Amino acid sequence: EKVMDSLFAFLQPDRAFIMIRNEKTGAMEPRAVRFFGSQEEAEIAISQTIVDRCLQEQVSLLVSDALSDMRFRASESVVVQRIRSAICAPMICRGEVMGVIYLDTKSRPSVYDREELELATGIANQTALGILNLRLMQRMIEQRTHEREMEIAKEIQMRLLPRSATGQAISNYF
């Protein structure tokens, strides 16, 4: 939510999407979606052409007027969705693409310039770092949980071993 708040406060898109790469499948999955004002769409649709190019080249893309931009004007998603201006920034940390931030406007061309692109790229980089930290923390918690479960299993096994006359478990029973 804080990332979306920042995007809308500083860049004022009509729509913004944050998609994060699933670690297991590699697929991009929408994690946050926001529309300006009361706009709502039955189907969440973005320009896959813009997103794919951003991910393939691993660079942020600025599209000032998508309908006249040679790179995208033949794209069905751009035409159908009437996208005018867009920014797509990959979330990259330690050389790994963690996801993408995508925002666009449908009403106004040339809304974004190099300054907004750099801001979106900075937000994407910080978001990628946050995702990496969260994943590392999750792995650490999983590892600690596994270690604790192994310690409990060891304690249970020790209780099941036969006892010597002194009450100590005989660990080399077999």
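Anyway, here's the lowdown on the structure attached to this text. (Residues numbered from 1 in each chain as written. Predicted model: local features only at pLDDT ≥ 70, side-chain atom pairs only at ≥ 80, totals over all residues. Heavy atoms only, no water.)

Attention now moves to the state of the cysteines. Put plainly, two cysteines are in a disulfide when a covalent bond ties their sulfur atoms together. In total, this model carries 0 disulfides according to the counting rule given. As a non-bridged cysteine, cysteine 88 has cysteine 54 as the owner of its nearest cysteine sulfur, 3.7 Å distant. (Disulfide = S-S within 2.5 Å.)

Here we take up the sheet that holds strand E3 (residues 61–63). Where strands meet in a sheet, backbone hydrogen bonds hold them as pairs that are either parallel or antiparallel. Strands sit in the order E2-E1-E5-E4-E3 across an open sheet of 5 strands; the sheet is antiparallel. Looking at the sheet topology across the chains shown, the edges are occupied by strand E2 (28–35) and E3. Strand-to-strand twist in this sheet, taken as the mean axis angle between neighbours without regard to direction, amounts to 15°. Strands strand E1 (15–21), E2 and strand E5 (96–105) of the sheet are contacted by helix H1 (residues 2–11), whose axis makes an angle of about 145° with E1. Lying on the sheet, helix H4 (residues 114–160) is in contact with E1, E3, strand E4 (85–93) and E5; it crosses E4 at an angle near 35°. (Pairing = 2+ DSSP bridges. Helix = DSSP H or I, 4+ residues; strand = E, 2+ residues; numbered from the N terminus. Axes fitted to C-alpha atoms, helices over the stretch in contact; angles between N-to-C directions. Contact = heavy atoms within 4.5 Å.)

Turning to the side chain of arginine 15, a few remarks are in order. Within the secondary structure, arginine 15 sits in strand E1. Within the local environment of arginine 15, its side chain forms a polar contact with the side chain of aspartate 104, the two groups lying 2.6 Å apart. (Polar contact = N/O pair within 3.5 Å; in protein donor to acceptor, adjacent residues only side chain to side chain.)

Within this structure, the stated rule accounts for 2 aromatic pairs. Measuring from ring centre to ring centre gives 6.2 Å for phenylalanine 17 and phenylalanine 35, while their planes differ by 90°; the resulting arrangement is edge-to-face. Residue phenylalanine 17 is located in strand E1, and its partner phenylalanine 35 is located in strand E2; the two are separated by 18 residues in the primary sequence. Put simply, the rings of Phe17, Phe35 and Tyr102 touch in pairs and so form one group of aromatic residues. (Phe/Tyr/Trp six-rings, centres within 6.5 Å; stacked < 30°, edge-to-face > 60°.)

Once that is clear, we can look at the side chain of aspartate 14. Its location among the elements puts aspartate 14 in the loop between H1 and E1. The exposure class of aspartate 14 is buried, given its relative accessible area of 6%. Side-chain polar atoms of aspartate 14 contact the backbone nitrogen of lysine 106, separated by 2.7 Å. (Buried < 20%, exposed > 50% of the residue type's maximum accessible area, 1.4 Å probe, protein only.)

For side chains bearing opposite charge, pairing can occur when the charged atoms are close. Under the defined criterion, the tally for this structure stands at 7 salt bridges. Residue arginine 34 is joined to aspartate 5 by a salt bridge in which the shortest nitrogen-to-oxygen separation is 3.0 Å. Here aspartate 5 lies in helix H1 and arginine 34 lies in strand E2, a separation of 29 residues in the sequence. Accessibility expressed as a relative area gives 22% for arginine 34, which makes it partly exposed. Among the salt bridges present, the one from glutamate 23 reaches arginine 135, with a minimum N-O distance of 3.6 Å. A residue pair is termed long-range when its members are at least 10 positions apart, and glutamate 23 in the loop between E1 and E2 and arginine 135 in helix H4 qualify at 112 residues. (Salt bridge = Lys/Arg side-chain N within 4 Å of Asp/Glu carboxyl O.)

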